[in-house]
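In case you want the letters, here they are:
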Protein chains: 4
Amino acid sequence: MKNNKPKYMQIIDAAVVIIAQNGYHQAQVSKIAKQAGVADGTIYLYFKNKEDILVSLFQEKMGTFIEKIEEEIAGKPSAAEKLLTLIEKHFELLAADHHLAIVTQLELRQSNLELRIRINEVLKGYLKLIESIIHTGKETGEFRQDLDVRLARQMIFGSIDETATTWVMNDQKYDLAALAKSVHTLLVKGCGTAHL
Amino acid sequence: MKNNKPKYMQIIDAAVVIIAQNGYHQAQVSKIAKQAGVADGTIYLYFKNKEDILVSLFQEKMGTFIEKIEEEIAGKPSAAEKLLTLIEKHFELLAADHHLAIVTQLELRQSNLELRIRINEVLKGYLKLIESIIHTGKETGEFRQDLDVRLARQMIFGSIDETATTWVMNDQKYDLAALAKSVHTLLVKGCGTAHL
Amino acid sequence: MKNNKPKYMQIIDAAVVIIAQNGYHQAQVSKIAKQAGVADGTIYLYFKNKEDILVSLFQEKMGTFIEKIEEEIAGKPSAAEKLLTLIEKHFELLAADHHLAIVTQLELRQSNLELRIRINEVLKGYLKLIESIIHTGKETGEFRQDLDVRLARQMIFGSIDETATTWVMNDQKYDLAALAKSVHTLLVKGCGTAHL
Amino acid sequence: MKNNKPKYMQIIDAAVVIIAQNGYHQAQVSKIAKQAGVADGTIYLYFKNKEDILVSLFQEKMGTFIEKIEEEIAGKPSAAEKLLTLIEKHFELLAADHHLAIVTQLELRQSNLELRIRINEVLKGYLKLIESIIHTGKETGEFRQDLDVRLARQMIFGSIDETATTWVMNDQKYDLAALAKSVHTLLVKGCGTAHL
DNA sequence: GATGAATGAGTATTCATTCAT
DNA sequence: AATGAATGAATACTCATTCAT
């Protein structure tokens, strides 16, 4: 009967499920508490308020996300391979947790501006990772020397994110991970033919 | 289809101002009515409910948006030039209306899922436009024959959108339109060097 | 069916009844609204918040209270008669409204310090009235020349208030107004015999 | 009757400090426990519930209060001197403990009616003491024979209490004890001149 | 005796929408 | 057409008290 899982993660995992199932605006604290198997008041022993649950959720999940991708990337010799790995892992991790995919791609974006700014703080770690790959590519000569790093980063993140969001909005019907290679090719080569 | 009663656009324009100034969640119907110079109840003579104001807002503004871009594109001979024009116009139109930029890039995304799905319906016209350019490019040989049209469209839209959102979140400090050429080059050539 | 009584006073009167019947801490806004025959939200068209109902209640009732007493006192020639009239009216007005007596003598004193400070602001008008009678008495020679006005005021108000509170705590069992003369004699002559 | 366990008084003294510093409604059990240096649960080994802390606080402090005043009064030959001593001691004891003064004159009065009724039970001992002085005065001929004992008691207690409360609400800025003689004179002689 | 993590009941306030005028 | 007063559903958070250790 005893659940040794620390209540902190228990509540965060419950929040993911409840938000994915009910939507952001129908995810009441009492529902999350019930799903976590604790009393409403217990939530407030671990989180300052409701917003704190959501920011913590994003920090914990995104933190794990970035860590895993960093580990995988470290071993790859070229920027192209690093980028491919990043896209593959990103898609694989989303596909592996359908609830989390809904929460991060759709529901959490309904939060108010203040919360989204705090979420963006967490995202910065991921954007830095993308930028480091771009730098590597410019150093190895794989990428163009005149590449604007910020713009390239926006293209890479925007493309990955749009692809993932479209996939979630289509009810995760198709195999997201299978798209990684094509997205990678697009990002490296662009739409044009090589000789242009 | 467009409602020609003057109060209709009066209310939509008021909504843009109020949402940009107060944020999505602080944009009460009564505030919009006051800004539009009408009584609260009058709103409901022109719109079914609050959501209808927002969807109509997006339809009206995005409709104009697409029309203008379509006109400009029509005259361009190549897919590359069409794409460049689309990016340029997109950035120019956003830069020309600071309020609208805030509303479409930040505030309207906080709306609930149902509303966002209806907004996406409106967006489809724009996405079709992008896809038609991609088709053109494949036909003229400018773009790769094995290009996945949907993925290419997601890359193009995702990159443009991410670039615009980053610009708004940075308080529209720099010249967005000036980035059009670089974004275009990135989308056509990708990050890699030509010979790869 | 139409009730022409302005809702503002309707709500204040409802608050007096509900607080007297249920006690300060059991006087929920929804109960007051129901008693007043309006919707919960209507309360907030007339009052900023719950505290505002209570302060307004005290202002309205105490304002009437002070006005009535001032009118009666104005015609009295001597300080002694003015004081007697003040005590009589004070006791009569409390005895005339059992609900109000409970609310002002018992329930409103449970409010938090901030509210009580605002209530004290209203009370100041009454205390000024008492002080003006004391000044009159010193001028006419009825009262001792070395009388400390503030202390005398504290004795007069303290005695009246303590007498009223004791009466309410004894469930208003006896005739409060009948005590006015004795209280007046006590305040003018003190406990001691005249020759001391 | 007094609980001799050291933690009992430790908790009561902590309650006085916490209530004086934070106000009645911000004096949570957990704050009192922390100030007393015990765990929250330990409170409930010494007190039945929170109300019991407050009633016990009043009993302990008021008990000491009454005892000290009784001792001092016993030696005085006349009712006038007894009354003067009572007022002096009352004011001196309040002035000696600023925290206690705030708690008894302001904060404890915000408690709910039930608690205040229990506090009044404790107060009865003090009121009896005042009545015994009045009886003495009537017997010795110092006080008027037609004095209504209850009314005289209400005047005496009301005046002392109002004077003390006003002093606390003025942040204990002036010397309360210095007012004892004047208050005493007022109570014995009243406001009027001797020959009236 | 002592601890402190866990409990769960209870309520003021906002705002989209209506409808009598 | 236009008004705007009235409606009423819906929800995060606190804190006194308990009880397993």
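Please refer to the structure higher up on the page.
Parameters and conventions
Residues numbered from 1 in each chain as written. Chains lettered and ligands numbered in written order. Predicted model: local features only at pLDDT ≥ 70, side-chain atom pairs only at ≥ 80, totals over all residues. Heavy atoms only, no water. Least-squares fit on C-alpha atoms with pLDDT ≥ 70 in both. Contact = heavy atoms within 4.5 Å. Helix = DSSP H or I, 4+ residues; strand = E, 2+ residues; numbered from the N terminus. Buried < 20%, exposed > 50% of the residue type's maximum accessible area, 1.4 Å probe, protein only. Core = buried A, V, L, I, M, F, W, Y, C linked by side-chain atoms within 4.5 Å. Near = heavy atom within 4 Å. Polar contact = N/O pair within 3.5 Å; in protein donor to acceptor, adjacent residues only side chain to side chain. Nonpolar A, V, L, I, M, F, W, Y, C, P; charged D, E, K, R; others polar.

K.L.:
Could you clarify how one ought to interpret the relation of the copies chain A and chain B in this entry?
P.N.:
Between the two chain copies there is a screw-like relation: a rotation about an axis and a shift along it. Take chain A, turn it by 179 degrees, move it 0.1 Å along the axis, and it overlays chain B with an RMSD of 0.2 Å. The symmetry that links the two subunits is that of a two-fold axis. Residue by residue, 100% of the interface of chain A is reproduced at the interface of chain B, so both copies engage with the same surface.

K.L.:
Explanation requested: unusual backbone geometry in the structure shown.
P.N.:
Where the residue is not glycine, phi is negative for most of them; where a peptide bond is considered, it is trans in most cases. All names here are of chain A. The phi dihedral of Asp171 is positive, around 60 degrees, even though this residue is not glycine. Mapped onto the secondary structure, Asp171 falls in the loop between helix 8 (149-169) and helix 9 (180-189). A relative accessible area of 61% means that Asp171 is categorised as exposed. Its identity is not glycine, yet Gln172 carries a phi of approximately 55 degrees, on the positive side.

K.L.:
Would you mind going over the nonpolar core with me for this structure?
P.N.:
Formed by 139 residues in total, the largest nonpolar core has its most connected members in Leu86, Ile87 and Tyr126 of chain A together with Leu86, Ile87, Leu108 and Tyr126 of chain B. For Leu86 of chain A, the contacting residues outside a window of four places in its chain are Ile69, Ile73, Tyr126, Leu129, Ile130, Ile133 and Ile160 of chain A. By size, the runner-up hydrophobic cluster in this structure holds 137 residues, among which are Phe65, Leu94 and Val122 of chain C together with Ile32 of chain D.

K.L.:
Can you help me understand the protein's contact with DNA strand E in this one?
P.N.:
Around DNA strand E, the surrounding shell holds 27 residues, and the nearest of these are Thr42 and Tyr46 of chain A, Gln28 of chain C together with Lys7 and Thr42 of chain D. Among atoms of DNA strand E positioned within 4 Å of the protein, sugar and phosphate together represent 72%. One of the backbone nitrogen or oxygen atoms of Lys50 of chain B is found 2.8 Å away from a phosphate oxygen of DNA strand E. Between DNA strand E and Tyr46 of chain D, the relevant distance is 2.7 Å, taken from a phosphate oxygen to a side-chain nitrogen or oxygen of the residue. Those elements giving two or more residues to the surface near DNA strand E turn out to be helix 3 (40-46) of chain A, helix 3 (40-46) of chain C together with helix 3 (40-46) of chain D. Grouping the amino acids of the surface near DNA strand E by side-chain chemistry returns twelve nonpolar, nine polar and six charged.

K.L.:
Would you mind going over the protein's contact with DNA strand F with me for this structure?
P.N.:
Lining the immediate environment of DNA strand F, one finds 29 residues, of which Lys7, Thr42 and Tyr46 of chain B together with Thr42 and Tyr46 of chain C sit closest. Near the protein, within 4 Å, the atoms of DNA strand F are sugar or phosphate in 71% of cases. Within the backbone of Ala39 of chain B, an N or O atom sits 3.0 Å from a phosphate oxygen of DNA strand F. Contributions of two or more residues to the surface near DNA strand F are made by helix 3 of chain A, helix 3 (40-46) of chain B, helix 3 of chain C together with helix 3 of chain D. No other element matches the five residues that helix 3 of chain B contributes to the surface near DNA strand F. Of the residues that constitute the surface near DNA strand F, the class distribution is twelve nonpolar, eleven polar and six charged.

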